[in-house]
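Chain residues, written in single-letter form:
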Amino acid sequence: MASPVKSPGQVAAPGLGGVGESPLRPDGTLKVAGEFAYASDLWMDGMLWGATLRSPHPRALIRSIDVGPALALAGVRAVLTHEDVPGRKMFGIDHTEDQPVLAIDQVRHQGEPVALVAADHPETARRALEKIVVGYEVLEPITDPRAVVADPEGLKVQDLGGITRHQPVRVGDVDAAKTRAEIVVAGEYEVGIQDQAFLGPESGLAIPSDDGGVDLYVSTQWIHNDLKQIAPCLGLADEQVHMTLAGVGGAFGGREDLSMQIHAAMLALHTGKPVKMSYNRYESFFGHVHRHPALMRYEYGATADGRLLYADVEIVLDGGAYTSSTKNVVGNAASLGVGPYEVPNIRIDAYGVYTNNPPCGAMRGFGAVQACFAYESMMDRLGAACGLGPVEIRRRNAVSRGSKLATGQVIESPAPLADMLTRLDAMPPPPPLDPSDLRNLPGGVSQTTHGEGVVRGVGYGVGIKNICFSEGFDDYSTARVRLEVIGGEATALVHTAAAEVGQGLVTIQAQIARTELGVQRVTIAPADNRVGDAGSSSASRQSYMSGGAVKAACEAVRAGLLALASRRFGRADLAVVGGKIVSRADGVLGTVEDVLGDAVIEETREYRHRPTTAMDPVTGQGRSHTQLALCVHRAVVDVDVDLGLVKVVELAAVQDVGKIINRTGVEGQIHGGSAQGLGLAVMEEIVVSDGVVRNPSFTDYLIPTILDMPPMRLDILENPDPEAPYGLRGAGEPPTLSSTPAIVAAIRAATGRALARVPVRPEHIVQGD
């Protein structure tokens, strides 16, 4: 059967560059020209359209489901409920299968899937959904996460209990330190629900295959983790589920969990026809997890000169109805709960809880983002209490090489945080406000002000983020590299299952292959499950992990090539340089094409980072992370204090990336992460009332536009990590952490308001917290 979508594999044009250069993205022109094939563009002759009936209630018992009226509608080919699930009825990531494929006897959140329809036309499918009659017994939803912590057995959304994970961290003696503290500050902080807001909605195509299985073309972040959940629910062997990555329109964690994959496959297998499912924007808000909202209490004690003595912390993360990645989010929040600062006495209690609020899971910087807003707000509060500026209070407590995190993990690689702060502070400020151009003002050309009531503020933020998977997870990636002569030119084919979600991984894989093999022509094969697991495109890990796997496979291919050359030339002192076989003594002996001839060299390698350990369930101690990355931000804002309008004038950032693989790509990651941090600071929030989402649209859920994103000054540092491929350090998530508290700190400086919640709304500025 012909593929329904053009291969997303791209041939990198000759001469585009290796590691350390900035070749153009092979998918870039197609995307900006509107020619790239995304999952929502999938099409096959004779395909049906799938649609999902979702619960309008956050909590209810299902007393009956009548699908007869829907089946009677002309053009409807199938209506399925939980009774039609051919295999296991439950699924879930992170080894917790607590989520039903389709609701069985109850619904636990608004938007939970209840039934499926396949029809000849998408409008017919939607009309059929309206004809399915579900008898609900509506129950009072459980929506207060702190109440769940207080009574986890009495307020149970899941039979597992109310708490997903409680992770304590204990260092030293906090109670004794409290008696010695000369300065004590405390605060309560809240982070709202942020959506990943990717522009490409969930979509995919399922096609029955000749072996009784199914071909799935989907936009996802982790092909093999999807497979582990999909196959058992379909009652199929893994090898009967053939998965290919379709074009992904952004992810940011929101595609780690399944959305339409099992549903489309069920409909395709039931009808024997290809089935396409594509969510609209409204449904997308219910079709994926979001960032965990957080309620946090912090108390810090310090000496009079601002040296931290203790931290007493409670973090409550609302995971919604199902586990998803909440356990890992809690681990991150606990281990990084006091940030990159030296604190000799620590008591942290981090909780993830079940509620009937929207399910939450992975989003860029997960767990660390929420904690960062709180601990950075506390550093500003502590600095003010000690009479120290925001840069000095951070420098005075900054970690350095040999320092310990809250988990007792020693920072082994250079962590020049004090130097990074100094460099940031030395950056020139933006020019003063020019009110003659309305575009420079809060409110812009709406002319809410001409400069009166506008106050400028400056704020700082520091973030530390773990890179790759943590806590003993067997984190690895697989790559297959094939070298042969095609059309008279040595060509490398790189094949991984790593998802390109917009981060530029296809470019980096080609750069590595060019560097290691000395050839220019590199093709990146479509990502699918015909090659081993590559892990998730999350945790800032793919350049590290799949980059490491590609490097290892290329090294093995190069060794095979040099073995051929050694036999041909009778020499052992050979290297591959610029497509030539070179002897250290005699120079160029021939070309790669000459040596290869008709031979094909293919190698597959797995790459693993150094092992980590789980956090101790009582003390939280352990070497839980393999790598850590730092970013610091300075934000300059102008605030109309009368109307509560904010304009971010400039963001400056200093980030350590270990080794720059692609400067343009790294700069894009810092800009993009900062933009999402800006959104969380001043506009992005899913508003939920009694478990019901009030703003599931891009009309009412606001994300930064080009007019909201300010110019950025960047200082990108390279302090190589000796354990990482090329010394690189994951770069995608750290700027999302530090940008939010920097912007809020700048608004505080302009307004004098405490601002303990994000996003900051106009009423918080005008009316107070």
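What counts and what doesn't
Residues numbered from 1 in each chain as written. Predicted model: local features only at pLDDT ≥ 70, side-chain atom pairs only at ≥ 80, totals over all residues. Heavy atoms only, no water. Helix = DSSP H or I, 4+ residues; strand = E, 2+ residues; numbered from the N terminus. Buried < 20%, exposed > 50% of the residue type's maximum accessible area, 1.4 Å probe, protein only. Contact = heavy atoms within 4.5 Å. Areas by Shrake-Rupley, 256 points an atom, 1.4 Å probe, with all protein chains shown as cover. Lys, Arg positive; Asp, Glu negative; His and termini not counted. Charge placed at Lys NZ, Arg CZ, Asp CG, Glu CD. Salt bridge = Lys/Arg side-chain N within 4 Å of Asp/Glu carboxyl O. Pairing = 2+ DSSP bridges. Axes fitted to C-alpha atoms, helices over the stretch in contact; angles between N-to-C directions. Parallel < 35°, antiparallel > 145°, perpendicular 65-115°, else oblique. Nonpolar A, V, L, I, M, F, W, Y, C, P; charged D, E, K, R; others polar. Left-handed = near helix turned anticlockwise from the far one by under 90°. Phe/Tyr/Trp six-rings, centres within 6.5 Å; stacked < 30°, edge-to-face > 60°. Lys NZ or Arg CZ within 6 Å of the ring centre and 35° of its normal. Core = buried A, V, L, I, M, F, W, Y, C linked by side-chain atoms within 4.5 Å. Expected span 1.5 Å × (residues − 1). Patch = residues over 30% accessible without salt bridge, like charges linked within 9 Å, V, L, I, M, F, W, Y side chains within 5 Å.

A. Here's a closer look at the overall build of the protein chain. The helix and strand tally for the protein chain stands at 18 helices and 32 strands. Oriented by its inertia axes, the alpha-carbon framework of the protein chain measures out at about 80 × 75 × 60 Å. Every one of the 769 residues in the protein chain was classed for burial, and the buried ones make up 61%. Long-range pairs, those at least 24 residues apart, make up 80% of the contacts in the protein chain with a sequence separation of at least 6. Accessible area for the protein chain stands at about 27,400 Å²; split by element, carbon and sulfur atoms hold 51% of it. In the protein chain, which carries 68 positive and 91 negative side-chain charges, the distance between the mean positions of the two groups comes to 3 Å.

B. The arrangement of the pattern of salt bridges in detail. Under the definition given, this model contains 46 salt bridges. For the salt bridge of R729 with D656, the shortest nitrogen-to-oxygen distance reads 3.6 Å. Residue R729 is found in the loop between β31 (712–717) and α17 (734–751), and its partner D656 is found in strand β28 (residues 645–656); the two are separated by 73 residues along the sequence.

C. Region of interest: the sheet that holds strand β23 (residues 574–577). Overall, antiparallel pairing links the three strands, which are arranged β23-β24-β25 in an open sheet. This sheet does not close on itself; its edge strands, each paired only once, are β23 and β25 (587–591). Neighbour-to-neighbour, the strand axes of the sheet open up by a mean angle of 35 degrees, direction not taken into account. By the bridge criterion, four bridges tie β23 to strand β24 (residues 580–583) in an arrangement that is antiparallel. Each bridged residue has a counterpart across the sheet, and for V577 the counterpart in β24 is K580.

D. View of the packing of helix α10 (residues 368–386) against helix α11 (residues 390–397). Interhelical geometry of α10 versus α11 gives an angle of 105 degrees and a closest axis separation of 9 Å. As the angle between them shows, α10 and α11 are arranged roughly perpendicular. Facing E376, M379, D380, L382 and G383 of α10, the residues of α11 in contact are P390, I393, R394 and N397. For the contact of α10 with α11, the per-class residue count stands at four nonpolar, two polar and three charged.

E. Expanded view of the packing of α11 against helix α12 (residues 417–426). At their nearest, the axes of α11 and α12 sit 9 Å apart, and the two run at 165 degrees to each other. The pairing of α11 with α12 is recorded here as roughly antiparallel in orientation. Note on packing geometry: the crossing formed by α11 with α12 is left-handed. For the pair α11 and α12, contact is made by V391, R394 and R395 and by A418, L421, T422 and D425, respectively. Of the residues contributing to the contact of α11 with α12, the split by class is three nonpolar, one polar and three charged.

F. Region of interest: the sheet that holds strand β4 (residues 76–80). Across the sheet, seven strands lie side by side as β4-β8-β2-β15-β12-β13-β14; this open sheet has mixed pairing. In this open sheet, the two edge strands, each paired with only one partner strand, are β4 and β14 (241–245). Between one strand axis and the next, the sheet turns by 20 degrees as a mean value, whatever way the strands run. Note that strand β13 (residues 214–218) and β14 share five bridges and pair parallel. Bridge assignment links V218 to a residue of β14, and that residue is L245. Across the face of the sheet, helix α6 (residues 223–234) comes into contact with β13 and β14 while running at roughly 150 degrees to β14.

G. Structural view of the packing of aromatic side chains. Counted under the stated rule, the structure contains twelve aromatic pairs. Ring plane angle 65 degrees and centroid distance 6.0 Å describe the contact between Y298 and Y300, whose orientation is recorded as edge-to-face. Of the two residues examined, Y298 and Y300, each falls in the buried class. One aromatic cluster in this structure is built from W222, F469 and F473. Above the face of the Y279 ring, R54 is positioned so that its terminal group lies 5.0 Å from the ring centre. Just above the ring of F469 sits the side chain of R541; from NZ or CZ to the centre is 5.0 Å.

H. How the structure looks around the nonpolar core. Y298, Y300, I315, V338 and I743 are the most contacted members of the largest nonpolar core, which totals 95 residues. At eleven residues, the largest contribution of residues to this core is made by α10. Ignoring anything within four residues of it in the chain, the contact list for I315 reads L295, M296, Y298, A333, D349, A350, Y351 and A371. The next biggest cluster of nonpolar side chains, apart from the first, holds 40 residues, and it includes V19, C554, I581 and I661.

I. Structural view of helix α14 (residues 542–569). Along its 28 residues, α14 runs 38 Å from first to last C-alpha, staying within 8% of the 40 Å computed at 1.5 Å per residue. Just beyond α14, the residue with positive phi is G570, at close to 65 degrees.

J. Geometry of helix α7 (residues 261–271). Counting buried positions over the eleven residues of α7 gives eight, a clear majority of the element. Here α7 has its buried residues at Q261, I262, H263, A264, A265, M266, L267 and A268.

K. Quick look at the environment of S403. Among the secondary structure elements, S403 is positioned in the loop between α11 and α12. Taking the C-alpha atoms as reference points, S403 and E342, 61 residues apart in sequence, are found 7.0 Å from one another. Beyond its immediate stretch of four places on either side in the chain, S403 contacts E342, Q409, V410 and I411.

L. Seen up close, unusual backbone geometry. Following V758, the chain continues into P759 via a peptide bond in cis, with omega recorded as 5 degrees. Relative to the helices and strands, P759 resides in the loop between β32 (757–758) and α18 (762–767). Unusually for a residue other than glycine, Q447 sits at a positive phi of about 60 degrees. Summarising the element assignment, Q447 is placed in the loop between α12 and β19 (454–467). Look at Q447 and you get partly exposed, because its relative accessible area is 47%. Backbone geometry at C468 places phi at a positive 70 degrees, although glycine is not the residue there. With respect to the helices, strands and loops of the structure, C468 is situated in the loop between β19 and β20 (476–486).

M. Structural context of the side chain of E314. Within the fold, E314 resides in strand β17 (residues 308–318). When residues no more than four places from it in sequence are discounted, the contact partners of E314 are R146, L295, M296, R297, D349 and Y351.

N. Geometry of a negative patch on the surface. A contiguous patch of negative charge, built from D210, D211, D238 and E239, is present on the exposed surface. Its place among the elements puts D211 in the loop between β12 (203–208) and β13.

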